Amino acid sequence: MARAFFFGDRPPGSAHLFGTVTHVSPSAKPAFAVLMCHAFSEERQKSYRSTYLFARQLASVGIPSMRFDYFGTGDSRGNLSDVTLHSMTDDTVEACHEIRERFQVDSIVLLGVRLGAAVATRAANRLGDIDRMIFWNPVIEGRRFLRDLTRTEAMINLARKKRPSAEQKVDVTGIEVDADTLSETMASQLKELDLASETQFASEFLVTGRKSDKIETRQIENLVGSLAARDKRVCCWTGEEREFWSSRSMYDAFYPRLTFETSIEWLTKQRNT
Amino acid sequence: MDLSKHISDFIGTTILPGTPEEKILASESLFDDGIIDSLGLQQLIIHLEEEFGIFIEEEHLIPENFETVSGVSTLVESLAEAH
């Protein structure tokens, strides 16, 4: 059963974040709960259905979970222009407190989808008690992610041989993304992001990625290598699966079945160890 | 490797299959001649980044760099040298 609610305390009592918990049978005594950290921007919308379906699959094997929207995104309060990687990390830390309280579990597994992997990493580092993480097709190089977010319009203009008009150049205080504005702060934080070199508090990782894209596969290999070099236990799965975070429609019936199966299997093993 | 030939081969086999190499190489505007549209441009950019290990910034997305095969070659060479 899923239940939606508002939570969060910035400022106190503001309940600025929107979350959804998916419960398991009341008689179950879950060993841990999974907190899903969404992808960002259009990728969040397109992967939303997959996270919803995964929450249901988790519940079917007795694992409770929670999804939430970062401040300024989805159904949470605020505007995209207020969002930074720091604010997303703050929100994730609050969500960790919320999921612990709601399910009365000591242990949480953070599941980061795309940019959510970096956010989950920073939240885990700040909390200092998250041992296990799942990264679904993580954004590893923030500079490339930012460029991909913003270049679609630039490519359309280029193919029409249009340069930005004077009007478009005037008074730009942020970056246009999905008919909303990304702050310069967020843009510069994204440019500096390199997930492979981030400190990682957790000790157990499942990293999934696609095999078909050369750059992406190389980046995943680098990330896994850097985790292993720091004595982390890493399970890596790459396969020929479509990009569920960029499917053409959020109502597309497609979901990443292999990613789901791999994740459920890994989580089940974690529960039994 | 002949970079211009590599680019025209990719365009002629992946972006607009069947387009003669001479037509692609001779084109003074791949956009005006209907050889590349915005989706084709995306395919080309991803291919170049993967093949040559370069990173094409938004500031590089100007007609001078993508309107002709020689413009694309010059851009790729300069980015590959800087890499």
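Further up the page is the structure itself.
Calculation rules
- Residues numbered from 1 in each chain as written.
- Chains lettered and ligands numbered in written order.
- Predicted model: local features only at pLDDT ≥ 70, side-chain atom pairs only at ≥ 80, totals over all residues.
- Heavy atoms only, no water.
- Helix = DSSP H or I, 4+ residues; strand = E, 2+ residues; numbered from the N terminus.
- Rg over C-alpha atoms; globule rule 2.2 N^0.38 Å.
- Buried < 20%, exposed > 50% of the residue type's maximum accessible area, 1.4 Å probe, protein only.
- Contact = heavy atoms within 4.5 Å.
- Areas by Shrake-Rupley, 256 points an atom, 1.4 Å probe, with all protein chains shown as cover.
- Phe/Tyr/Trp six-rings, centres within 6.5 Å; stacked < 30°, edge-to-face > 60°.
- Pairing = 2+ DSSP bridges.
- Axes fitted to C-alpha atoms, helices over the stretch in contact; angles between N-to-C directions.

Novice: What should I look at first to understand the overall build of chain B in this one?
Specialist: In terms of regular secondary structure, chain B is built from five helices and zero strands. In sequence order, chain B lays out its α and β elements as α-α-α-α-α. Scaling as 2.2 N^0.38, a compact globule of 83 residues should have a C-alpha radius of gyration of about 12 Å, and chain B matches this with 12 Å. For the C-alpha atoms alone, the extent of chain B along its principal axes is close to 30 × 25 × 20 Å. When the 83 residues of chain B are sorted by exposure, 49% land in the buried category. The long-range fraction of contacts in chain B, counting pairs at least 24 apart against all pairs at least 6 apart in sequence, stands at 52%. In the structure as shown, chain B presents an accessible area of about 4100 Å², 49% of it carried by carbon and sulfur atoms.

Novice: Whenever I open this one, the packing of aromatic side chains confuses me. Can you help?
Specialist: Describing an aromatic ring pair means giving the distance of the ring centres and the angle of the ring planes. All names here are of chain A. What the rule picks out here adds up to eleven aromatic pairs over all chains. Look at Phe7 and Phe68: their rings are 6.5 Å apart centre to centre, the planes differ by 75°, and that puts the pair in the edge-to-face class. Of this pair, Phe7 sits in strand S1 (residues 2-7) while Phe68 sits in strand S4 (residues 65-69), and the two are 61 residues apart along the sequence. Given the relative accessible area of 4%, Phe7 is considered buried.

Novice: Would you mind showing me how to read the sheet that holds strand S9 (residues 204-210) of chain A here?
Specialist: Sheet strands pair by backbone hydrogen bonding; their relative direction is either parallel or antiparallel. Residue and element names in this part refer to chain A. An order of S1-S2-S4-S3-S5-S6-S9-S10 is seen for the eight strands of this open sheet, with the pairing classed as mixed. With partners counted over all chains shown, the strands left at the sheet margins are S1 and strand S10 (233-239), one partner each. Going from strand to strand, the sheet's axes swing by 20° on average, the running direction of each strand aside.

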